[in-house]
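Architecture at a glance
Each chain, written out:
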Amino acid sequence: GQIGNGNTVGQATPVQVPNLAGVKRICGAYRSAFAIMGDDSVRAWGKNDGGSLGNGANTDQLTPVAVPAWGSVRDMGGDHQQTAALRTDGTVWTCSATSGTLGNGTAATSAVPVQVAGLSNVSALGFGFGFFHALRADKTVVGWGANDVGQLGIGSVSTTPVLSPTPVSALAAVSQIADGWGGGYALLSNGQVWGWGQNSSGQLGDGTTDLRKSPVQ
């Protein structure tokens, strides 16, 4: 139902999502989608594993439904079991069916949005596979969630999730961030690009295939 047109039939050409107008921003996830409306409210549809749409249920949605619990949202995204949203007030909210990825200091899961602990003045989010990053107003970056291949960039690797936002090692003056399947990237204000995490296919572009627990240029 990730197309949002009321059925589960694959579409080889574009079809309009019905009953959806006045959209300001569209945000995709693994098998779901979110529309940020002109009033900053959220409508969601598609796969809803463990409540990743944030509506308190775990039933897939074939057409867009309003999800007031997300509040007033600037940007959002996620993967198949967790979603994060940046509210217009600079706070970050998450829902997740995966233990330890909410960012609230606990290993709990939640089918409704909960606030990420100790995080404010956020300007942008990075959406990874089981992990997230947040770019703060002071141009530093924090991450939380899965870190089994160093994808948080915090200088360590762990088989258990990092439960709270933790600073990315030695990274400052960041203007933009992006996350991939097993790592992250940062564009600095001087035009340099740094990356960290999984590197088995050379995806960090540093001339090696070495896993990087901390950012490398």
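Located above this text is the structure these notes cover.
Read on for a plain summary of the structure. Given the structure is predicted, the values throughout are model-derived calculations rather than measurements. Residue positions are given per chain, counted from 1 along the sequence in the order it is written. Per-residue local features of the predicted model are confined to residues with pLDDT of at least 70, and side-chain atom pairs are confined, for both listing and counting, to 80 or more; whole-chain, interface and lining totals are unaffected and use all residues. Side-chain measures were taken over the full set of non-hydrogen atoms in the model, leaving aside hydrogen atoms and water.

Attention shifts here to the packing of aromatic side chains. Aromatic pairs are defined between Phe, Tyr and Trp rings, using the six-membered ring for Trp, whenever the two ring centres lie within 6.5 Å; interplanar angles under 30 degrees are classed as stacked, those over 60 as edge-to-face, and all others as tilted. Counted according to the given criterion, the structure contains 3 aromatic pairs. Measuring from ring centre to ring centre gives 6.5 Å for Tyr30 and Phe129, while their planes differ by 80°; the resulting arrangement is edge-to-face. Of this pair, Tyr30 sits in the loop between strand 1 (23-28) and strand 2 (32-37) while Phe129 sits in the loop between strand 9 (122-127) and strand 10 (131-136), placing them 99 residues apart in sequence. Residue Tyr30 is classed as partly exposed on the basis of its relative accessible area, which comes to 47%. Each residue gets one of three labels from its accessible area relative to the maximum for its type: buried under 20%, exposed over 50%, partly exposed in between, using a 1.4 Å probe on protein chains only. Given a relative accessible area of 34%, Phe129 falls into the partly exposed group. Ring geometry for Phe132 against Trp144: centres 5.8 Å apart, planes inclined by 40°, an arrangement best described as tilted. Linking Phe132 in strand 10 with Trp144 in strand 11 (residues 141-147), this pair joins segments that are 12 residues apart in sequence. Take Phe132 and Trp144: they sit in the same class, and that class is buried. The structure contains a cluster of three or more aromatic residues connected by ring pairs, namely Phe127, Phe132 and Trp144. Secondary structure elements follow DSSP: runs of H or I of four or more residues count as helices, runs of E of two or more count as strands, with numbering from the N terminus.

What follows deals with the nonpolar core. Think of a nonpolar core as a cluster: buried Ala, Val, Leu, Ile, Met, Phe, Trp, Tyr and Cys residues, connected wherever their side-chain atoms sit within 4.5 Å. Counting residues in hydrophobic clusters, the biggest one holds 14 residues, and the most contacted among them are Phe34, Val42, Trp70, Val73 and Met76. Contacts are assigned to residue pairs that have any heavy atoms within 4.5 Å of one another. Other than its neighbours up to four places away in sequence, Val73 contacts Ile36, Asp40, Val42, Ala85, Leu86, Arg87 and Thr88. By size, the runner-up hydrophobic cluster in this structure holds 11 residues, among which are Leu86, Val92, Phe132 and Val142.

Right, let's get into the side chain of Asn147. Within the fold, Asn147 resides in strand 11. Residue Asn147 is classed as buried on the basis of its relative accessible area of 0%. Aside from chain neighbours lying at most four places away, what touches Asn147 is Leu152, Gly153, Ile154, Ser156, Val157, Ser158 and Val162.

When two cysteine sulfur atoms lie within 2.5 Å, the pair is treated as a disulfide. Scanning the entire structure with this criterion turns up 0 disulfides. Free cysteine Cys27: the closest other cysteine sulfur is in Cys95, separated by 13 Å. Judged by relative accessible area, Cys27 falls into the buried class, the value being 4%. We classify Cys95 as buried; its relative accessible area is 0%.

Glancing now at the sheet that holds strand 12 (residues 158-167). Strands were regarded as paired on the criterion that DSSP finds at least two bridges between them. Taken in spatial order, the 4 strands line up as 9-10-11-12 in an open sheet, and their pairing is antiparallel. One side of each edge strand has no neighbouring strand; the edge strands of this open sheet are strand 9 and strand 12. Ignoring strand direction, the axes of neighbouring strands in this sheet form an average angle of 15°. For strand 11 and strand 12, the ladder comprises 4 bridges, and the chain directions are antiparallel. Residue pairing across strands places Asn147 opposite Ser158, the latter belonging to strand 12. Interaxial angles span 0 to 180 degrees and are taken between N-to-C directions of axes, which are lines fitted to C-alpha atoms, for helices over the stretch in contact.

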